[in-house]
Protein chains: 4
Amino acid sequence: MENKDNLVLEYKCLDYGFVRLVDWMGDDSSIVQAARVSYGKGTKSVSEDTALIRYLMRNLHTSPFEMVEFKFHVKLPIFVARQWIRHRTANVNEYSGRYSEMPDEFYLPEPDQLRLQSTLNKQGRGEATIDNASDVLSRMKQTQERLFQEYSELLATGLAREIARINLPLSNYTEWYWKIDLHNLFHFLRLRLESHAQYEIRIYAEAIAKIIKQIVPIAYKAFEDYILEAIRFSRNELNALKLLINKELPPDEKLAELGLSKREIQEFKEKLSKI
Amino acid sequence: MENKDNLVLEYKCLDYGFVRLVDWMGDDSSIVQAARVSYGKGTKSVSEDTALIRYLMRNLHTSPFEMVEFKFHVKLPIFVARQWIRHRTANVNEYSGRYSEMPDEFYLPEPDQLRLQSTLNKQGRGEATIDNASDVLSRMKQTQERLFQEYSELLATGLAREIARINLPLSNYTEWYWKIDLHNLFHFLRLRLESHAQYEIRIYAEAIAKIIKQIVPIAYKAFEDYILEAIRFSRNELNALKLLINKELPPDEKLAELGLSKREIQEFKEKLSKI
Amino acid sequence: MENKDNLVLEYKCLDYGFVRLVDWMGDDSSIVQAARVSYGKGTKSVSEDTALIRYLMRNLHTSPFEMVEFKFHVKLPIFVARQWIRHRTANVNEYSGRYSEMPDEFYLPEPDQLRLQSTLNKQGRGEATIDNASDVLSRMKQTQERLFQEYSELLATGLAREIARINLPLSNYTEWYWKIDLHNLFHFLRLRLESHAQYEIRIYAEAIAKIIKQIVPIAYKAFEDYILEAIRFSRNELNALKLLINKELPPDEKLAELGLSKREIQEFKEKLSKI
Amino acid sequence: MENKDNLVLEYKCLDYGFVRLVDWMGDDSSIVQAARVSYGKGTKSVSEDTALIRYLMRNLHTSPFEMVEFKFHVKLPIFVARQWIRHRTANVNEYSGRYSEMPDEFYLPEPDQLRLQSTLNKQGRGEATIDNASDVLSRMKQTQERLFQEYSELLATGLAREIARINLPLSNYTEWYWKIDLHNLFHFLRLRLESHAQYEIRIYAEAIAKIIKQIVPIAYKAFEDYILEAIRFSRNELNALKLLINKELPPDEKLAELGLSKREIQEFKEKLSKI
């Protein structure tokens, strides 16, 4: 981990949102410490620690990653919060529209995000933007203003906040404290950095990734190499792959040049022998 | 459990909502079965089974209650869904506004629910209703209609559903399958049947209570007696209580008339001796 | 699902153990039902249901699999129970050595399981068996008999069961009810069917696999194809793979013969384009 | 929180065990911080912070307590570990008898813990000790020595560690890292500080209580007042209590002297009005 003062722990997200790392417990060395209680003792070199973390990651020995904990303060539109909260293995304290007045802050997309429904992907937006994006945006903005105006007027009548807020839109901003361990955070990132995740939550996932890779650089790199940028081939795909492979395996030195450790070269050969 | 055909497994909630028990696994006898694996063997009489369930409930031996599982189909406004989802120990599949168009259904309160902010309770509504409730309601209804109209027009431009929906209000209905075990459901009910829970989620909690008391009548009665209608006195309150108590304890027969079992009479005396 | 009466729901495991499916809720159709609430409506054909389940599995849309629940009765040695219990997302009621006397049943390995420590794998046994396996086994058996004898004598002195049992060995059998949803059960199976899992727990995982593939045959097949027998290649391994691949991709008909659906052929090409 | 250097963060437990707080995140102020995001803004005085924490505790607003996290290193006999691990909402990395040799350390009770089975309590020990406690202990010790001797001899044959250990007893020591949030830790303490919890795990719970009350003194005091030393009276018990209460309620000043805050006095009167 770098010098703590040089870390960038807060990123703006969308128009009014942010992610800020408020506190954390542990770093790469905590993963090693926890793993060593299971797998063996004694101080080891940095390179052995890196190798251990990478071994744990690629073999799904996930529990040592649970020993690092992060607490974020996040401001986000309600529709993003609704996707986010589905990750259950986290602790949350959210701003309450029953106790407090909701803020006059609403998410308005950038014009280039007003995309047509994807034709390939039933859940998402495609590449092309709609016509008249700026007209649509100004209309959306007016609606948001009118809804907040109406909310304010309802509050002025003395109506209970918990009722007055029910016609506020999903674009309204909320905020929360969100605490999660590294293993479950990697799972969140895996799903929310993915290209099919909704753009708006991906922005937050990217900010979180930038923050935590400063705290746990070795674990984050392992996560990228073995999970995020790995590809899983199904049983049938492996059979198809077999048809494509007709060359001799390159020598170990060549494989080592590609960044495979001795142990990974052996694992790679085992994987190929199963195809 | 009564004859399955006589059970009422669905209740309407609010204006467009419902709770419907889709499937379940186990009943009172499953709680006993699981407890007996821990506490001892052999077939026992019904009265012993009832006593065992009540013993487990009042002594926080909660794991046998986890052996009963319920699956509900629920239709509910989004602001209710946002409170509900905070109960993390459940399985959920929700209707997705990314895949499908949101329905033209919005929660509009009954006039007598348009209450003033409570002066006692920072989070809720009080007893008095606002002036001009019917005007307010017709205005809220118009807003809901206008918002759905705008949503439909945005979809007509081809805008991706996941963006078109962001100005839909929290009063819009969603639906989900929700699966939970009895122990965690009791915890949900304890919090959501409580007088400080928002009225709209309480309606759903009451419907769920009516449904499950048909499936697990003995456990539900124990839950009412030992949790829902019990009162916990703090250390200082117990000292205050002591000042109020100056009579002789009534004879055991009198206590038995109040419904206390022999074991409970003993437990009651132990509690009093601690005051 | 086959006719319920033809199902084999109990398997013997090791010398005194067993796995028995006591109850369950849902089957392949419940996965589809839950998914359709998110992804769209209407009755679909069986082949579409199968395609949907397989789509969910390979895209990590895991929540619909949580809608199926299984309850097992298991008898198992304590050292196996200690590994098993690490899977936290399950409900458990275990036989208690505080309430009840432990049984005179101890796991004694088959002679061919008395293997030497693996030289490759720090955690497991290798292929070769030790010398004098039968002598070792008879000595282990004597120890187990002596320990149970001592336990019985301690109980005869009136010593509390919770203390008398502390010198009983990890080979002693215990039993429990274990309830888990299908998604988390697949995760259990993925880890415990794996060749590095200890042989004794693998026996139980195999029995569970045989049981549930009768209840959720389509989901189980998808689990085998996309998870259990899939191989994940890391970023560096993908670069190595690239060096091996020099042929033209076979025509789609050939890929279809290998069992890849139209959608999977497209996904396969996308994967290859990323290499 | 006191000066960090004055804290006592490690306690010996039983003969070879210990609990050591390795790391933590947050303290009383983190609970307040998380609650304020829900309930309102602005800096508040210490006395208001204390009142807020106490309010949260007695009204089951448990989520802010989840924002504090503790990581312990614990050494404990296996039979204690088996009870402890049942608390599922924690992260654990345990020493592995598959990877490493088990230590020559076994729990031997103090003579005064060799108690007779309780006649009142099916699960525990009573007050009286058995006859010949010292004979029994020396026999137990011999057994432990013999079992470790046998284990060493099996390892010497080259037998895989994962098999050699199966006749080691439940009194053998293991160790782990255990990470848990404050809310779930309070739940653990509530169950394991209780008089019916097995003596040996109670020793650990008491050590943990001593450690954390230095870190979160206000929250711990609230836990004692409202949970640990509170008494819950069931519906029927409340009816019995009514028969005992015939005095006028003392004046508010008297109640304040007992330590009840203004708000608690009001709550107390509400509780009495429900009796």
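Now for a quick tour of the structure. (Residues numbered from 1 in each chain as written. Chains lettered and ligands numbered in written order. Predicted model: local features only at pLDDT ≥ 70, side-chain atom pairs only at ≥ 80, totals over all residues.)

Looking at the sheet that holds strand 2 (residues 17-25) of chain B
Residue and element names in this part refer to chain B.
Inference 1: Spatially, the 5 strands line up as an open sheet ordered 1-2-3-7-4, and their pairing is antiparallel. Of all strands in the sheet, those with a lone pairing partner are strand 1 (10-13) and strand 4 (91-94), marking the two edges. Each neighbouring strand pair of the sheet contributes to a mean axis angle of 20°, computed without reference to strand direction.
Inference 2: Pairing between strand 2 and strand 3 (residues 69-77): 7 bridges, direction antiparallel. Paired with Arg 20 across the bridge in strand 3 is His 73.
Inference 3: The strands touched by helix 6 (residues 182-192) within the sheet are strand 3 and strand 7 (173-181), with strand 7 carrying the most contacts at an inclination of about 130°. (Pairing = 2+ DSSP bridges. Helix = DSSP H or I, 4+ residues; strand = E, 2+ residues; numbered from the N terminus. Axes fitted to C-alpha atoms, helices over the stretch in contact; angles between N-to-C directions. Contact = placed C-beta atoms within 7 Å.)

Things to note about the relation of the copies chain A and chain B
Inference 1: Note on the copies: chain A fits chain B at an RMSD of 0.0 Å, the axial shift is 0.0 Å, and the rotation between them is 180°. As the rotation angle and translation indicate, the two copies are arranged about a two-fold axis. Across chain A, the smallest distance between a C-alpha and the rotation axis is recorded for Pro 169 of chain A, namely 2.0 Å. (Least-squares fit on C-alpha atoms with pLDDT ≥ 70 in both.)

Observations regarding the pairing of strand 4 (residues 91-94) of chain C
Residues and elements named next belong to chain C.
Inference 1: Neither face of strand 4 is open: one carries Asn 91 and Asn 93, the other Val 92 and Glu 94, and all of them are buried.
Inference 2: Examined bridge by bridge, strand 4 and strand 7 (residues 173-181) share 4 bridges and lie antiparallel to one another. When the bridges of strand 7 are listed, Val 92 appears paired with Trp 178. (Buried ≥ 20, exposed ≤ 12 C-beta atoms within 10 Å, placed from the backbone.)

Concerning the sheet that holds strand 1 (residues 10-13) of chain D
Inference 1: One open sheet holds the 5 strands; their spatial order is 1-2-3-7-4 (chain D), and the pairing between them is antiparallel. With one partner strand each, in any of the chains shown, strand 1 and strand 4 (91-94) of chain D form the two edges of the open sheet. For this sheet, the mean inter-axis angle between neighbouring strands, taken without regard to orientation, is 20°.
Inference 2: This element, helix 1 (residues 28-39) of chain A, spans strand 4 and strand 7 (173-181) of chain D of the sheet and lies at about 45° to strand 4 of chain D.
Inference 3: Set on the sheet, helix 6 (residues 182-192) of chain D makes contact with strand 3 (69-77) and strand 7 of chain D; between it and strand 7 of chain D the angle comes to about 130°.

Structural notes on the interface of chain A and chain B
Inference 1: Residue-level contacts link 40 residues of chain A with 40 residues of chain B.
Inference 2: Mapped by element, the contributors of at least two residues to the side of chain A that touches chain B are strand 5 (115-117), helix 4 (133-156) and helix 5 (161-164) of chain A.
Inference 3: With 6 residues, the top contributor of residues to the side of chain A that touches chain B is helix 4 of chain A.
Inference 4: Of the residues in the side of chain A that touches chain B, the class split is 18 nonpolar, 13 polar and 9 charged. (Nonpolar A, V, L, I, M, F, W, Y, C, P; charged D, E, K, R; others polar.)

Digging into the packing of helix 2 (residues 46-58) of chain D against helix 8 (residues 217-228) of chain D
All names here are of chain D.
Inference 1: Helix 8 packs onto helix 2 with a crossing angle of 40° between their chain directions and a minimal axis gap of 9 Å. Considering the angle they form, helix 2 stands oblique to helix 8. In terms of crossing hand, the pair formed by helix 2 and helix 8 is right-handed. Side by side, helix 2 and helix 8 meet where Thr 50, Ile 53, Arg 54, Met 57 and Arg 58 of the first sit next to Ile 218, Ala 219, Ala 222, Phe 223 and Tyr 226 of the second.
Inference 2: Across the contact of helix 2 with helix 8, the residue classes break down as 7 nonpolar, 1 polar and 2 charged. (Parallel < 35°, antiparallel > 145°, perpendicular 65-115°, else oblique. Left-handed = near helix turned anticlockwise from the far one by under 90°.)

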